[in-house]
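The residues making up each chain are set out below.
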Amino acid sequence: MSWENNVRKVVPYTPGDQPNKAGMIKINTNECPYPPAPGVQKVLAETDISKYRLYPDTTAAPLAKALADYYGVSEKQVFVGVGSDDVISMSFLTFFHGDKPILFPDITYSFYDVWAELYRIPYEMIPLHADFRIHAEDYKRPNGGIIFPNPNAPTGVFEDLSVVEEIIASNPDVVVMVDEAYVDFGGQSALPLLNKYDNLLIVRTFSKSRAMAGMRIGFAIGNEKLIKYLSDVKFSFNSYTMNLPSILCGVEAVRNDAYFKETLRKVIATRERVKKELKELGFTFPDSYTNFIFATHKSRSAKDIYEALKVRDIYVRHFNKPEIDNYLRISIGTDEEMDTVLAFLRDYLK
Ligand SMILES: *Cc1c(COP(=O)(O)O)cnc(C)c1O
């Protein structure tokens, strides 16, 4: 037992299953059902491998520049990381360094409490209200920082920018992070608030809306001072986080804007259709502004439906957490995939 007393012990985050079966329908981790932009394929095929001999750009500058241009901010306001998990983890380490607890909703991305535990940051989980809503008043108590996704996950609930702004405005002495992993699917970004608040950090990812989960690209946008502090910590941790293919492919994905918008349009159209059909099948759910639906059934338990789907190689996400264990988080697949899922459910629920 001697050396074990000196070990940093953590309870790790449990990612969704990554099954890999021929013919499966994988709608459990909110990936995009469509491929990345065609330009990404071209870049991968055409990049001279001798380029990989050298270390990559430490700041992923070409990608930061492409993102800065796209979102109308300065390059110094953009931080790029290995998926938003890396960006958020570095941000916890950088910005959540006070004695007071950081705040986040009790039903939310389940990595937040894992990072807080890992870095020994005190935290308080704030219960959501009816219909999984976030209330700004709950975030007007002493705290060392705030993070929440908007839209929230796994609920899919979007809070109006006025709620987001009230939380930021009420907490000028701490950093407020808005995790916008799903905002492209119909929410409203907090980007316009950046000019007004220097304590706002917006985090985004290429994993969902840009169909590049496997490339591991995330980024944060905030004022220059925040980004500088974040970069200082990153350079004290790992200088060469972003690999060259990810940088090049990320730039290309941002350039292929028409493809990006068309992908979003398709996912949103499918989602709206699936909402109607799920309702007819006896499911209820908070209205979703994301690429998933968080649904519960009026008579059958989520766990049973989850197991039945799994037997048919249809993977959805079920959380073994008391308040939400009767819900399924169903990612939006292609129209064809969703037709198969709906046909199965129609039959199963008869
Ligand atoms: C998927 C997700 C992330 C992490 O995405 P990366 O693949 O690490 O970019 C972060 N926050 C929320 C709320 C997510 O759903």
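Higher on the page you've got the structure.
Quick summary incoming for the structure in this document. (Residues numbered from 1 in each chain as written. Predicted model: local features only at pLDDT ≥ 70, side-chain atom pairs only at ≥ 80, totals over all residues. Heavy atoms only, no water.)

1. Quick notes on the packing of aromatic side chains
Counted according to the given criterion, the structure contains 22 aromatic pairs. Each ring, one from F158 and one from Y289, has its centre 5.4 Å from the other, and the planes form 40 degrees; the classification is tilted. Note that F158 is positioned in the loop between strand 5 (146–149) and helix 5 (161–169) and Y289 in the loop between strand 9 (283–284) and strand 10 (292–297), a separation of 131 residues in sequence. Here F158 falls in the buried class, since its relative accessible area comes to 11%. Through a chain of ring-to-ring contacts, the aromatic side chains of Y13, F92, F96, F104, Y109, F111, Y112, W115 and Y123 assemble into a single cluster. The side chain of K266 reaches across the aromatic face of Y34, ending 4.0 Å from its centre. (Phe/Tyr/Trp six-rings, centres within 6.5 Å; stacked < 30°, edge-to-face > 60°. Helix = DSSP H or I, 4+ residues; strand = E, 2+ residues; numbered from the N terminus. Buried < 20%, exposed > 50% of the residue type's maximum accessible area, 1.4 Å probe, protein only. Lys NZ or Arg CZ within 6 Å of the ring centre and 35° of its normal.)

2. What about the pairing of strand 7 (residues 200–205)?
Strand 7 sits mainly inside the fold: six of its six residues count as buried. Judged by which residues are buried, strand 7 turns out to be covered on both faces: L200, I202 and R204 on one side and L201, V203 and T205 on the other are all buried. Direction of pairing for strand 6 (residues 176–179) relative to strand 7: parallel, over a ladder of four bridges. Looking at the pairing, V178 lines up with I202 of strand 7. Here four bridges tie strand 7 to strand 8 (residues 218–221), and the two strands are oriented antiparallel to one another. If you follow R204 over to strand 8, its bridge partner there is F219. (Pairing = 2+ DSSP bridges.)

3. Describing empty space enclosed by the protein
One pass over the full model with this rule turns up one cavity of 30 Å³ or more. Space inside the largest cavity adds up to approximately 70 Å³. Every residue along the wall of the largest cavity is listed here: P35, P36, A37, S209, R210, A211, A253, N256, Y259, F260 and T263. Here the lining of the largest cavity is built from residues that sort into seven nonpolar, three polar and one charged. In terms of domain composition, the lining of the largest cavity takes at least three residues from each of domain 1 (16–36 + 258–348) and domain 2 (38–255). (1 Å grid on protein atoms, 1.4 Å probe; cavity = no way out; pocket = protein on both sides within 12 Å on 5 of 7 lines; lining within 4 Å. Points joined across faces, edges and corners; volume = space filled by probe spheres on them. Nonpolar A, V, L, I, M, F, W, Y, C, P; charged D, E, K, R; others polar. Domains from an automatic or database assignment.)

4. Details of the site of the ligand
Near the ligand, the surroundings consist of G83, S84, D85, Y109, D179, A181, Y182, T205, S207, K208 and R216. S84 places a polar main-chain atom, nitrogen or oxygen, 2.6 Å from an oxygen atom of the ligand. Note that an oxygen atom of the ligand is positioned 2.7 Å from one of the side-chain N or O atoms of R216. In the complex, the protein chains occlude 92% of the 390 Å² of accessible area that the ligand would expose alone. Considered class by class, the residues forming the shell around the ligand number three nonpolar, four polar and four charged. (Near = heavy atom within 4 Å. Polar contact = N/O pair within 3.5 Å; in protein donor to acceptor, adjacent residues only side chain to side chain. Areas by Shrake-Rupley, 256 points an atom, 1.4 Å probe, with all protein chains shown as cover.)

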